[in-house]
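Coordinate inspection notes
Here are the chains, one letter per residue:
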Amino acid sequence: MRDARSVAEAVYREEAGKIIATLIRLSGSFDLAEEALQEALAAALESWPQRGVPDKPAAWITSTAQRRLIDAVRRDSTRRNKASALAHHIEVVTQNDEIAEDPDMTYPDDRLRLIFTCCHPALAVEAQVGLTLRTLGGLSTSEIARAFLLPEPTLAQRLVRAKRKIQDARIPYEVPPKDRLAERLAAVQAVIYLIFNESYSATSGAQLVRRDLAAEAIRLGRLLCQLMPDEPENQGLLALMLLQDSRRDARVSADGRLMTLEEQDRSLWDHEQAQSGAELVERALRQGAPGKYQLQAAIAALHATARSAESTDWPQIVALYDELARLNPSPVIRLNQAVAVAMAHGIEAGLNAIDGLQEQLQHYHLMHAARADFLRRLGRWAEARSAYRRALELATNTVEMKYLNDRLASLPHS
């Protein structure tokens with residue numbers, strides 16, 4: 001018999017976004033949907049050990065959650081008339097979902113509908129991204145706070161306000177008509193890419209890569225391309241994720257050590273996927289409207305097509321970062337640019353560029369890690385040791401922490 005708790009946890013990890021999106025479509029309420037899903041999971045943990053895990057555990061949890069929605073509405077005596085209508089609506093939609101897809105549904109994927117709802121222009125961009133990551137991506141508040149470089153309480157308050165705004169403003173749960181898609185597209189792209197970023201370097205835990213989130217982000221990227229096939233930034237976003245994900249099998253060694261780009265065994269890269277990403281960004285750039293995702297994908301393509309770190313076209317990467325920084329002058333972009341400058345023009349030049357970012361990125365462990373690496377290469381052992389220790393204080397992923405500890409231990413004590 002399959003372990004009930006393990007199966008329930010796997011369903012939540014892999015299917016929570018899809019289930020919660022469906023429940024929000026049925027109920028029109030984020031809170032009711034989240035409560036119904038939690039109750040369904042609790043019911044599974046109570047029922048499955050005695051009765052056995054069902055053949056389709058995700059469907060069992062979804063159906064149970066739908067019934068919990070009906071019960072929750074019926075229990076609300078202050079909304080008795082409205083409750084009856086909503087309960088009937090949920091029952092009808094549930095029956096229709098079990099029989100066939102609604103033929104009038106232009107975009108049948110509830111997760112895409114949920115993204116556009118969360119990315120309504122009535123919400124601040126930060127709230128749009130955070131709320132969608134929480135409900136659809138299944139990320140914890142702490143994970144999202146790290147992505148935003150924000151304190152966790154600040155992010156939690158932002159999520160509460162965003163849900164209240166959607167309810168109070170009666171924001172519809174829908175993919176908007178094509179004439180209003182553009183106003184929400186940037187936030188939707190940011191949501192998908194932040195989901196991918198969390199998959200690429202997990203905030204915490206023993207795994208660096210979360211393949212479930214990577215697959216979800218890429219799937220959503222493909223859906224976005226289908227929805228707006230003539231938008232080059234959608235293609236650039238998908239290309240970027242495909243190119244970065246193509247290196248996943250080489251990023252951690254067999255014994256669990258983090259492998260930097262220059263240390264990776266390039267024979268382990270998914271070259272077919274990388275080629276698909278490179279061709280996709282090339283098609284996007286030919287449309288003559290380069291954006292930040294296309295430029296980042298072009299940089300990733302140069303890495304993917306280089307036979308080694310030494311043969312990489314670093315001057316071209318620096319030039320692409322110059323253009324990217326002009327479009328998106330974020331400190332993280334400039335940090336990546338500093339690394340490219342170091343490879344193209346020398347470690348001292350890269351270190352000088354990073355030193356100009358210390359105040360802005362003082363709580364970002366990757367800045368301290370990059371700075372420590374430059375100091376190590378320059379033989380400035382005491383400064384490198386201090387920078388590695390600061391990076392360790394800020395890092396939360398076990399694989400990254402082991403890498404930093406190993407680097408720190410390898411430094412001479414003189």
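The residue numbering used here restarts from 1 in each chain and proceeds along that chain's sequence as written. Under the rules for a predicted model, residues below a pLDDT of 70 receive no local features and side-chain atom pairs below 80 are neither given nor counted, while totals for whole chains, interfaces and linings still include all residues. The basis for the side-chain values is all heavy atoms of the structure; hydrogens and waters are excluded.

Here we look at the overall build of the protein
Numbering of helices and strands starts at the N terminus; helices are DSSP runs of H or I of at least 4 residues and strands are runs of E of at least 2. Of regular secondary structure, the protein possesses 19 helices and zero strands. For each residue, the accessible area found with a 1.4 Å probe, counting protein chains only, is set against the maximum for its type, and the residue is called buried under 20%, exposed over 50%, and partly exposed in between. Burial analysis of the protein (414 residues in total) assigns 52% to the buried set. Considering only residue pairs separated by 6 or more positions, the protein has 65% of its internal contacts joining residues 24 or more positions apart. With residues, only the protein chains shown are counted as cover, and all accessible areas are computed by Shrake-Rupley using a 1.4 Å probe. Summed over its atoms, the accessible surface of the protein is roughly 20,200 Å², and 49% of this surface lies on carbon and sulfur atoms. When checking whether two residues touch, look at their non-hydrogen atoms; a contact exists if any pair is within 4.5 Å.

Things to note about the nonpolar core
For our purposes a nonpolar core is just a set of buried Ala, Val, Leu, Ile, Met, Phe, Trp, Tyr and Cys residues, chained together by side-chain atoms within 4.5 Å. I61, L114, I192 and M241 are the most contacted members of the largest nonpolar core, which totals 84 residues. With eleven residues, the top contributor of residues to this core is helix α1 (residues 4-27). In contact with I192, other than residues within four places in its own chain, are I115, A217, L220, G221, L224, L237 and M241. Among the nonpolar cores identified, the runner-up in size contains 27 residues, and L258, L375, Y403 and L408 belong to it.

Some details on unusual backbone geometry
Residues other than glycine seldom take positive phi values, yet R170 does so here, at roughly 50 degrees. Tracing the sequence through the fold places R170 in the loop between α8 (152-168) and α9 (182-200). For R170, a relative accessible area of 69% gives the class exposed.

Section: the side chain of D245
Along the polypeptide, D245 turns up in helix α11 (residues 232-245). On the basis of relative accessibility, which here comes to 10%, the residue D245 falls in the buried class. With near-sequence residues (within four places) excluded, D245 lies in contact with F196, A214, I218 and Q273.

Examining the packing of α1 against helix α2 (residues 30-51)
The angle between two axes is taken between their N-to-C directions and runs from 0 to 180 degrees, where each axis is a line fitted to C-alpha atoms and a helix contributes only its stretch in contact. Between α1 and α2, the shortest axis-to-axis distance is 9 Å and the interhelical angle comes to 150 degrees. On the basis of the axis angle, α1 is roughly antiparallel to α2. α1 and α2 meet at a crossing whose hand is right-handed. From α1, A4, R5, V7, A8, Y12, A16, I19, I20, L23, I24 and S27 reach across to α2, where they touch F30, L32, A33, E34, A36, L37, Q38, L41, L45, W48 and P49. Considering only residue class, the contact of α1 with α2 consists of 18 nonpolar, two polar and two charged. Angles are sorted into four bins: roughly parallel if under 35 degrees, roughly antiparallel if over 145, roughly perpendicular if 65 to 115, and oblique for all others. The sense of a crossing depends on the near helix, which, turned anticlockwise from the far helix by less than a right angle, makes the crossing left-handed and, turned clockwise, makes it right-handed. Three classes are used: nonpolar for Ala, Val, Leu, Ile, Met, Phe, Trp, Tyr, Cys and Pro, charged for Asp, Glu, Lys and Arg, and polar for all others, with Gly counted as polar.

Thoughts on the packing of aromatic side chains
Geometrically, a pair of aromatic rings is defined through the distance of the ring centres and the angle of the planes. Pairing of aromatic side chains requires ring centres within 6.5 Å, counting the rings of Phe and Tyr and the six-membered ring of Trp. Pairs whose planes differ by under 30 degrees are stacked, by over 60 edge-to-face, and all others tilted. All told, the structure shown has three aromatic pairs when counted by the stated rule. Here the aromatic rings of Y193 and F196 are separated by 6.4 Å at their centres, their planes lie at 10 degrees, and the arrangement is stacked. Separated by three residues within a single helix, Y193 and F196 lie in helix α9, roughly one turn from each other. By relative accessible area, F196 is classed as buried at 0%. Between Y193 and Y293, the ring centres sit 5.6 Å apart and the planes meet at 80 degrees, which makes this aromatic pair edge-to-face. One end of the pair, Y193, is in helix α9; the other, Y293, is in helix α13 (residues 292-305), with 100 residues separating them in the sequence. Judged on exposure class, the residue Y193 and its partner Y293 are both buried.

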